[in-house]
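Tertiary structure, described
One letter stands for each residue in the lines below.
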Amino acid sequence: MPDVYVFQGGEPARMAYEAAERIFDEDASVLSVLLKVNTGFKGPAASGLCTHPEVVRGLIRFFRDQHVKKLYVGDSSIVGVDSVEALKSAGIWDVCAQEGVECLNLDDSGMEEREIPGGVMVQKLKMSRLPFQVDRVVSVPVMKTHMYAGVTLSVKNMKGCLYQKDKTRLHRINQAPPDIRKGKCLDYGIVDLMKVCYPDYVVMDAVVAMEGFGPSGGPPVDMGMVLSSKDALSADLTAIQLMGMAPDAVPHLNLLREDRGLDLADIRVHPADYLKWRRRFQLASEHDLHLNYPNPRVVDRGACSACHAAMVQFFRYHHQEYENGPEATLIFGGDATEEDCRGGRVVLVGNCTARLRGEGRAFCKGCPPVPSQIARTIDAGVTLDD
Ligand code: SF4
């Protein structure tokens, strides 16, 4: 039976240590272990954007006390973000240096292509090598809402093990999902990924979480919690209930539950009254970008997290320039159609929209596109060459 442990109100490093203590029952002295943190984006430490550095410290101390054979801490950020810079700004690089542990960009360990047994959306994926070289992988995500996947927790965190640009691959699948009522391509793609990359353990940072326009543009939520489990899916299903969602609210978790045959009733959460700490998160789908930024209008058709981050940055730094300017429409994502481009001043953003060029539409290249270049393209009203 999967057990999930929830700690609340303690010092983050201490909670992480105790959370690991509850689930880890092997002889670490013969094992190499990777702490797969979430530093997909570059931003301030302990802000809900990336895994809390003190949670990482607590886990390093736990494994050191267990005499672990070899310990690594690492992640690979979204396309367009320097992974080492993201680890540094998250405070994790310094914690690793202080504790004497190797911290790395997973892409630097090389690439290996993995066959996906019974893959539904993809048959092969390019992965970073290290997660397959170590004996155990601990997923150490930060609790966040996600505009496409609903949430990003210990399962979705493993997408950072995809090698370099293959991270965007699950957003660019040009085929219909088996049952759109159950999930989109990305949801089925995450289940495919889990067939080769299911973590061995989870210690989830919910000290400072993120709600609303996640995974990069939402406000922080002070939860003061750490969760742990030997089963990533059980940890995530517990976490979404702490976030105020129903257990069946997240398509990729529903599909994974079906795939792995997990019965909700089998999950045992400690303490049993953990929902006393529940808090209703604003969902990414409830966040209306247009309420905050009415112009330019955004049409998002399946853009990946990297384009999403560019969009957030664009509005953060440039929205005032367009508030009272002429109306424009920014189109993102590989699923955009001719229909989306009808009428008004259209700017196609990102290489995924290149096939819709022509008809006087301006195009801002980039994968991901650069926010200042989006602004320049809107101003020019035409495609810029550099
Ligand atoms: S163009 Fe944008 S949506 Fe397309 S893969 Fe690149 S970053 Fe992602």
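Criteria and thresholds
Residues numbered from 1 in each chain as written. Predicted model: local features only at pLDDT ≥ 70, side-chain atom pairs only at ≥ 80, totals over all residues. Heavy atoms only, no water. Domains from an automatic or database assignment. Contact = heavy atoms within 4.5 Å. Buried area = accessible area lost by both parts, 1.4 Å probe. Salt bridge = Lys/Arg side-chain N within 4 Å of Asp/Glu carboxyl O. Polar contact = N/O pair within 3.5 Å; in protein donor to acceptor, adjacent residues only side chain to side chain. Nonpolar A, V, L, I, M, F, W, Y, C, P; charged D, E, K, R; others polar. Helix = DSSP H or I, 4+ residues; strand = E, 2+ residues; numbered from the N terminus. Buried < 20%, exposed > 50% of the residue type's maximum accessible area, 1.4 Å probe, protein only. Pairing = 2+ DSSP bridges. Right-handed = clockwise from strand over helix to strand, strands pointing away. Core = buried A, V, L, I, M, F, W, Y, C linked by side-chain atoms within 4.5 Å. UniProt positions renumbered as here; feature names shortened; annotations may be inferred. Axes fitted to C-alpha atoms, helices over the stretch in contact; angles between N-to-C directions. Disulfide = S-S within 2.5 Å. Phe/Tyr/Trp six-rings, centres within 6.5 Å; stacked < 30°, edge-to-face > 60°.

An unreviewed UniProt entry lists the protein under the name DUF362 domain-containing protein, with Oscillibacter valericigenes as the source organism.

Side note on the domain arrangement of the protein
Each domain of the protein was delimited in the assignment, giving domain 1 (3-284) and domain 2 (288-380). Inter-centroid distance (C-alpha atoms) of domain 1 to domain 2 is 30 Å. Contacts between the two partners involve 16 residues from domain 1 and, on the opposite side, 14 residues from domain 2. Regarding the contact of domain 1 and domain 2, the summed buried area is about 1,200 Å², with carbon and sulfur atoms giving 63% of it. When residues of domain 1 are sorted by the area they lose upon contact with domain 2, Tyr148, His171 and Phe213 head the list and together hold 37% of the total. Counting the contacts that link domain 1 with domain 2 gives 0 salt bridges. On the surface where domain 1 and domain 2 come into contact, there are 3 residue pairs in polar contact (both at pLDDT 80 or more). Among the residues making up the side of domain 1 that touches domain 2, the classes are represented as 7 nonpolar, 7 polar and 2 charged.

Here's the deal with the side chain of Ser47
Take Ser47: it is sitting in the loop between strand 2 (32-37) and helix 2 (53-65). Side-chain polar atoms of Ser47 contact the backbone oxygen of Pro44, separated by 2.8 Å.

Digging into the pairing of strand 14 (residues 329-332)
Sheet faces and side chains relate simply in a regular strand, where the side chains alternate between the two faces. Burial of strand 14 is two-sided: the residues Thr329 and Ile331 facing one way and the residues Leu330 and Phe332 facing the other way are all buried. Across 4 bridges, strand 13 (residues 297-300) lies against strand 14 in parallel orientation. The residue of strand 14 that forms the bridge with Val299 is Ile331. The parallel pair strand 13 and strand 14, bridged by helix 10 (residues 305-322), forms a crossover whose chirality is left-handed. Bridge analysis of strand 14 against strand 15 (residues 346-349) gives 4 bridges, and the strand direction is parallel. Paired with Thr329 across the strands is Val346, a residue of strand 15.

So, the nonpolar core
Met143, Leu227 and Phe332 are the most contacted members of the largest nonpolar core, which totals 77 residues. It is helix 6 (residues 185-197) that provides the largest number of residues to this core, a total of 9 residues. No fewer than three residues from each of domain 1 (3-284) and domain 2 (288-380) sit in this core. Beyond its immediate chain neighbours, meaning those up to four positions away, Phe332 contacts Val298, Val299, Asp300, Arg301, Ala303, Cys307, Met311, Val349, Thr353 and Ile374.

Quick look at the UniProt feature "domain: DUF362" (unreviewed entry) in the protein
The sites that carry the UniProt feature "domain: DUF362" (unreviewed entry) are, in the present numbering, residues 33-240. Annotated as 26% helix and 28% strand, the span residues 33-240 places its first and last C-alpha atoms 27 Å apart.

Quick word on the sheet that holds strand 15
Paired through backbone hydrogen bonds, the strands of a sheet run either parallel or antiparallel to each other. In space, the 4 strands of this open sheet follow the order 13-14-15-16, with parallel pairing throughout. Each edge of the open sheet carries a strand with a single partner, namely strand 13 and strand 16 (362-364). Averaged over all neighbouring strand pairs, the angle between strand axes comes to 25°, with direction disregarded. Its contacts with the sheet place helix 11 (residues 371-380) against strand 14, strand 15 and strand 16, and it is angled at close to 170° to strand 16.

Details of the environment of Met311
Relative to the helices and strands, Met311 is located in helix 10. Along the primary structure Met311 and Ala265 are separated by 46 residues, whereas in three dimensions their C-alpha atoms are 40 Å apart.

Some words on the state of the cysteines
Should the sulfur atoms of two cysteines be covalently bonded, the bond is a disulfide. Under the defined criterion, the tally for this structure stands at 0 disulfides. Cys103 supplies the cysteine sulfur nearest to Cys50, a cysteine that is in no disulfide, at a spacing of 12 Å.

What to know about the packing of aromatic side chains
What the rule picks out here adds up to 7 aromatic pairs. Look at Phe62 and Phe63: their rings are 5.1 Å apart centre to centre, the planes differ by 80°, and that puts the pair in the edge-to-face class. We note that Phe62, like Phe63, is buried. Here a set of aromatic residues connected by ring pairs shows up, and it is made of Tyr17, Phe24, Phe62, Phe63 and Tyr201.

Considerations on the pattern of salt bridges
Under the defined criterion, the tally for this structure stands at 21 salt bridges. Between Asp3 and Arg268 there is a salt bridge, with the nearest N and O atoms lying 2.9 Å from each other. In this pair, Asp3 is assigned in strand 1 (residues 3-8) and Arg268 in strand 12 (residues 268-270), connecting sequence segments 265 residues apart. We classify Arg268 as partly exposed; its relative accessible area is 41%. The partner of Arg114 in a salt bridge is Glu112, and the shortest N-O contact between them spans 2.4 Å. Residues joined in a network through salt bridges with shared partners are Glu54, Arg57, Arg61, Arg64 and Glu99.

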